[in-house]
Amino acid sequence: QNAKNTNAETSDTSKKSKYLSQPLISEIYTADPSAHVFDGKIYIYPSHDIEAGTPENDNGDHFDMRDYHVLSMDSINGKVTDHGVALSVKDIPWAGRQLWAPDAAFKNGTYYLYFPVKDKNDVFRIGVATSKNPAGPFKAEPKPIEGSFSIDPAVFTDTDGSTYMYYGGIWGGQLQRWNNGKYDANGSKTDSQKENESALTAKVVRLSQNMLGFDEPVKDVVILDENGKPLLTKDHDRRFFEGAWMHKYNGKYYFTYSTGDTHLLASAIGDSPYGPFKYQGTFMNPVEGWTTHHSIIEIKGKWYIFYHDTQLSGKTHLRNIKVTELTHNADGTIALIEPMKK
Ligand code: FUB
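Rules used throughout
Residues numbered from 1 in each chain as written. Predicted model: local features only at pLDDT ≥ 70, side-chain atom pairs only at ≥ 80, totals over all residues. Heavy atoms only, no water. Near = heavy atom within 4 Å. Polar contact = N/O pair within 3.5 Å; in protein donor to acceptor, adjacent residues only side chain to side chain. Areas by Shrake-Rupley, 256 points an atom, 1.4 Å probe, with all protein chains shown as cover. Nonpolar A, V, L, I, M, F, W, Y, C, P; charged D, E, K, R; others polar. Phe/Tyr/Trp six-rings, centres within 6.5 Å; stacked < 30°, edge-to-face > 60°. Helix = DSSP H or I, 4+ residues; strand = E, 2+ residues; numbered from the N terminus. Buried < 20%, exposed > 50% of the residue type's maximum accessible area, 1.4 Å probe, protein only. Lys NZ or Arg CZ within 6 Å of the ring centre and 35° of its normal. Salt bridge = Lys/Arg side-chain N within 4 Å of Asp/Glu carboxyl O.

Chemist: What exactly am I supposed to notice about the site of the ligand here?
Modeler: All residues adjacent to the ligand are D32, S47, M65, W100, A101, I151, D152, E242, T291, H293, H308 and R319. Between the ligand and the protein, one listed contact pairs an oxygen atom with a side-chain N or O atom of D32 at 2.5 Å. Interatomic distance of 2.7 Å between a side-chain N/O atom of R319 and an oxygen atom of the ligand. When the free accessible area of the ligand is taken as 280 Å², the share hidden by the protein chains comes to 99%. Class assignment of the residues belonging to the shell around the ligand gives a composition of four nonpolar, four polar and four charged.

Chemist: Would you explain the packing of aromatic side chains in this entry?
Modeler: Each aromatic ring pair is summarised here by two numbers: the centre-to-centre distance and the angle between the ring planes. On inspection of all chains with the given rule, the structure shows 26 aromatic pairs. Judged by centre distance (6.0 Å) and plane angle (45 degrees), the ring pair of Y166 and F255 falls under tilted. Residue Y166 is found in strand β10 (residues 163–167), and its partner F255 is found in strand β17 (residues 252–258); the two are separated by 89 residues along the sequence. Accessibility expressed as a relative area gives 0% for F255, which makes it buried. Centre to centre, the rings of F240 and Y257 are 5.9 Å apart; their planes meet at 50 degrees, and the pair counts as tilted. With F240 in the loop between β15 (223–224) and β16 (242–249) and Y257 in strand β17, this residue pair connects regions lying 17 residues apart in the sequence. You'll find F240 and Y257 in the same group, each marked buried. Through pairs of rings, three or more aromatic residues link up here, namely F38, Y43, Y45, F106 and Y111. Above the face of the Y274 ring, K219 is positioned so that its terminal group lies 4.7 Å from the ring centre. Across from the ring centre of Y279, 5.2 Å away, lies the NZ or CZ of R238, which sits over that ring.

Chemist: Even after reading the chapter, I still don't get the pattern of salt bridges, so can you show me in this structure?
Modeler: Any two side chains of opposite charge can pair, given that their charged atoms come close. The tally for this structure, following the rule as stated, stands at 22 salt bridges. A salt bridge links E288 to K18; its shortest N-O distance comes to 3.8 Å. Pair noted here: E288 is in the loop between β19 (277–284) and β20 (295–299) and K18 is in the loop between α1 (13–16) and β1 (29–38), with a separation of 270 residues, a long-range link. Judged by relative accessible area, which is 23%, E288 ranks as partly exposed. Between D61 and R97 there is a salt bridge, and its shortest N-O distance comes to 3.6 Å. Of this pair, D61 sits in the loop between β2 (41–49) and β3 (67–73) while R97 is found in the loop between β4 (80–88) and β5 (103–107), placing the two residues 36 residues apart along the sequence. Given a relative accessible area of 13%, D61 falls into the buried group. One salt-bridge network, held together by shared partners, links D61, R97, K118 and D122.

As structure tokens, this is what we get:
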């Protein structure tokens, strides 16, 4: 799919200027950018959006992606290199459809690509693929990670070398359909539908030494409100929806995520990678397009957020990735980012 020249709007300087930053590449559509610094260089693991012709619905069937490309940059304002296809759905033996937001990690001299895709029964699972090169190509393991489900894996290696995966998403991400380790294909299409109870939330699990499996039972990422109580299902402006990320700043653990149907990026801070995390607030207002998904990295003493919007296409399923600086305030909170200029 060629994203170039699809929208005359982007050649109009005055319209371009309403966006805080500009697309990193325009040759292909990209979304859900998970960025990492490997060997001093920035590698981005995004979804690769395409026009698959699949009708739009609340399950996100229109996000019908077929492969991943890895991108790299020597510096934040440097040239972006597209390293081509790193993994294709046809090369994942257990996969059915929809390669959604991936992430990557490095350990033991190997790069690991973690990806959510529906299996042949249309149930999202998380898979892992390996390579000796951060840009791939990656070879998928023959089966999904045992015990994995739902979407949006985000992998974080702590200063002690332990690696954790945060994952999950409601609505099309199917988190609400899992109960006691079983999937209910006829379950709710949205959330738990228990408005006054604790909201469904992301999962966290330590990965095994070989990075190919879970090392322990999966736990809930508990997000507490100002009274120390878990956020409720009805609290759409604050509760977790999808797109988890973890970064560590000044010894604190920052769990950041998308509120989905309210289109915000929110942060919650804890003292351990497992939480609990105290809700801090919105740190990015809505972008153009329905979805909002990010990652946060530090390079050369500065922090950056990678995110996406729909500037190039104007279509919610054909997104483009961007980057902008992120600031931690003196009190440890993250300064609010306005992706659209007023
Ligand atoms: O790209 C498909 C889905 O859209 C991702 O998995 C979600 O986080 C949302 O960005």
